[in-house]
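One letter stands for each residue in the lines below.
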Amino acid sequence: MRTTTLDIEYKTPEQLTRMRDAGLVVAATLARLAEAVAPGVSTGELDALAEETIRAAGAVPSFKGYHGYPASICSSVNEQIVHAIPAPQQILRDGDVISLDCGAIVDGWHGDAAITVGVGQIDPKIERMIEVAQEAMWAGIAAGARSLRSGRGRLTDISYAIESTIRQAGRYGIVRGYGGHGIGTAMHQDPHVLNYGRPGKGPRLVPGLALAIEPMLTLGSPDTAELADGWTVITRDRSVAVHVEHTIAFFADGVWVTTAEDGGRERLGDLVTSVAGVPSS
Ligand code: MF3
Ligand code: CO
């Protein structure tokens, strides 16, 4: 049981709306990376492309220099789960699966998101696991939005929705040592968001919160190991892992996914706030 007091940064609606600027830079960067992924491309090239895209938008890559992290993205391939460092000599091959994780800062506010994409033709089992990870992430976000609206919801309502969605979908490993987090004027804030567990625990889901939701699934055991580089997290059994992430802001009448172009409207429908407004398109 956690006995320390959580230090949660509650934002005003105006501040949450400003988080969208950073979120949209992250969304655009990930979209560009997804298009660039192909056999023969190195993760180092993807990192360069990300940094260029983030800086061209007038934003700052939040990962670079974070506790000494040397790159603008994490590019976690196959058995790598999260926090893998891109490298020019790491060449993507047909059948690989890669999690691209990216963060940006605009006017001091953070956005953090990740996608997992296949390289060329991938195993249908892995394709399905990517879908399940996305479904779980959106189920978690939707549960958070419903709990917010109920006025009685708590943080682990999100965790429970993520775990149940994954368990109903099949036999996947759910990574336990890593999870989502509060986000705002820093990338990692309280509270930690577990991807499993009973509902109804933890801090109340109230307007002003901003959370990064990031389920991590494996085809085998959920046990992890960290490589000697001090960053890369892999599956202990070397089974393939996937990871997706979005940043969400809690408004009085619903949530806004800051790292999605449409705020999450397509996946969440009217659980989306009307305050932040849909971008004119
Ligand atoms: N999105 C990642 C996370 O929340 C951020 C990685 S931090 C870095 O864990 F330093 F590795 F870049
Ligand atoms: Co994160």
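Values in this document were obtained by computation on a predicted structure and should not be read as measured data.

Enquirer: What is the right way to look at the overall build of the chain in this model?
Expert: In terms of regular secondary structure, the chain is built from 5 helices and 15 strands. At 17 Å, the chain has a C-alpha radius of gyration in line with the 19 Å of a compact globule built from 281 residues. Dimensions of the chain, computed from C-alpha atoms along their principal axes, come out at roughly 50 × 40 × 35 Å. Each of the 281 residues in the chain was classed as buried or not, and the buried ones make up 55%. Taking all contacts inside the chain whose residues are at least 6 apart in sequence as the whole, residues at least 24 apart take part in 68%. Counting only carbon and sulfur atoms, one obtains 50% of the accessible surface of the chain, whose full area is about 11,900 Å².

Enquirer: Would you mind going over the coordination of the cobalt ion (ligand 2) with me for this structure?
Expert: Expected angles at a metal are 109.5 degrees for tetrahedral coordination by four donors and either 90 or 180 degrees for octahedral coordination by six donors. Asp-112 (OD), His-181 (NE2), Glu-214 (OE) and Glu-245 (OE) make up the full set of protein donors to the cobalt ion (ligand 2), lying at 2.1 to 2.3 Å. Coordination at the cobalt ion (ligand 2) is irregular, judged from the 6 donor atoms that bind it and the angles of 64 to 168° they form at the metal. Counting along the primary sequence, the residues that act as donors to the cobalt ion (ligand 2) give the motif D-x68-H-x32-E-x30-E. Taken together, the residues span a long stretch of sequence, with His-181 in strand β7 (residues 180–182) and Glu-214 in the loop between β9 (210–213) and β10 (216–218) at a distance of 33 residues. Judged by its relative accessible area of 6%, Glu-214 falls in the buried class.

Enquirer: Any chance you could explain the packing of aromatic side chains here in plain terms?
Expert: The way to describe two aromatic rings as a pair is by their centre distance and the angle between their planes. In the structure shown here, the tally under the stated rule is 2 aromatic pairs. On the basis of an interplanar angle of 85° and a centroid distance of 6.4 Å, the ring pair of Phe-63 and Tyr-69 is categorised as edge-to-face. Each member of the pair, Phe-63 together with Tyr-69, is buried. Ring centres of Tyr-69 and Trp-231 lie 4.9 Å apart, and the angle between their planes is 80°; this geometry places the pair in the edge-to-face category. You can see Tyr-69 sitting in the loop between β1 (60–61) and β2 (73–77) and its partner Trp-231 sitting in the loop between β11 (224–226) and β12 (233–235), a full 162 residues away along the chain. In this arrangement the basic side chain of Arg-176 is found over the ring face of Tyr-196, its NZ or CZ atom lying 3.7 Å from the centre.

Enquirer: How should I be thinking about the site of ligand 1 in this particular structure?
Expert: Around ligand 1 sit 13 residues in total, of which His-83, Asp-101, Asp-112, His-188 and Glu-214 are the nearest. In the environment of ligand 1, a nitrogen atom lies 2.9 Å from a nitrogen or oxygen atom belonging to the side chain of Asp-112. A distance of 2.8 Å separates an oxygen atom of ligand 1 from a polar atom in the side chain of His-188. When isolated, ligand 1 has an accessible area of 340 Å², and the protein chains bury 97% of it. For the shell around ligand 1, the residue count by class is 6 nonpolar, 3 polar and 4 charged.

Enquirer: Please explain helix α4 (residues 156–169) as it appears in this structure.
Expert: With 14 residues, α4 ought to run about 20 Å at 1.5 Å a step, and its terminal C-alpha atoms sit 20 Å apart, in line with that. In terms of burial, α4 is largely enclosed, as 10 of its 14 residues are buried. Residues of α4 that are buried: Thr-156, Asp-157, Ile-158, Ser-159, Ala-161, Ile-162, Glu-163, Ser-164, Thr-165 and Ile-166. Tucked into the core, α4 has its buried residues touching α3 (124–150), β6 (173–174), β8 (189–193), β9, β10 and β14 (246–251). The first or second residue beyond α4 is Gly-170, which carries a positive phi of 155°.

Enquirer: Would you take a moment to explain helix α1 (residues 13–36) for this structure?
Expert: Structural remark: α-helix, 3.6 residues per turn; residues separated by three or four positions point the same way. Here α1 is 24 residues long and its end C-alpha atoms lie 35 Å apart, about the 34 Å a rise of 1.5 Å per residue gives. Taken as a whole, α1 has its buried residues at Leu-16, Met-19, Arg-20, Ala-22, Gly-23, Val-25, Val-26, Ala-27, Thr-29, Leu-30 and Leu-33.

Enquirer: Honestly, the sheet that holds β11 in this entry has me stumped. Any pointers?
Expert: Backbone hydrogen bonds are what pair the strands of a sheet, in a parallel or an antiparallel way. A sheet is described by the order of its strands in space; here 3 strands give the open sequence β3-β12-β11, paired in antiparallel fashion. The sheet terminates laterally at β3 (80–82) and β11, the two strands that pair on one side only. The sheet shows a mean angle of 40° between the axes of neighbouring strands, direction not considered. When β3 meets β12, the two strands line up antiparallel, connected through 2 bridges. Considered in β12, the bridge of Gln-80 is made with Ile-234.

Here is what the cut-offs are and how they apply
- Residues numbered from 1 in each chain as written.
- Chains lettered and ligands numbered in written order.
- Predicted model: local features only at pLDDT ≥ 70, side-chain atom pairs only at ≥ 80, totals over all residues.
- Heavy atoms only, no water.
- Helix = DSSP H or I, 4+ residues; strand = E, 2+ residues; numbered from the N terminus.
- Rg over C-alpha atoms; globule rule 2.2 N^0.38 Å.
- Buried < 20%, exposed > 50% of the residue type's maximum accessible area, 1.4 Å probe, protein only.
- Contact = heavy atoms within 4.5 Å.
- Areas by Shrake-Rupley, 256 points an atom, 1.4 Å probe, with all protein chains shown as cover.
- Donors = N, O, S within 2.8 Å, 3.2 Å for Na, K, Ca; no water.
- Tetrahedral: all angles 85-135°; square planar, octahedral: opposite > 155°, others 65-115°.
- Phe/Tyr/Trp six-rings, centres within 6.5 Å; stacked < 30°, edge-to-face > 60°.
- Lys NZ or Arg CZ within 6 Å of the ring centre and 35° of its normal.
- Near = heavy atom within 4 Å.
- Polar contact = N/O pair within 3.5 Å; in protein donor to acceptor, adjacent residues only side chain to side chain.
- Nonpolar A, V, L, I, M, F, W, Y, C, P; charged D, E, K, R; others polar.
- Expected span 1.5 Å × (residues − 1).
- Pairing = 2+ DSSP bridges.
- Axes fitted to C-alpha atoms, helices over the stretch in contact; angles between N-to-C directions.

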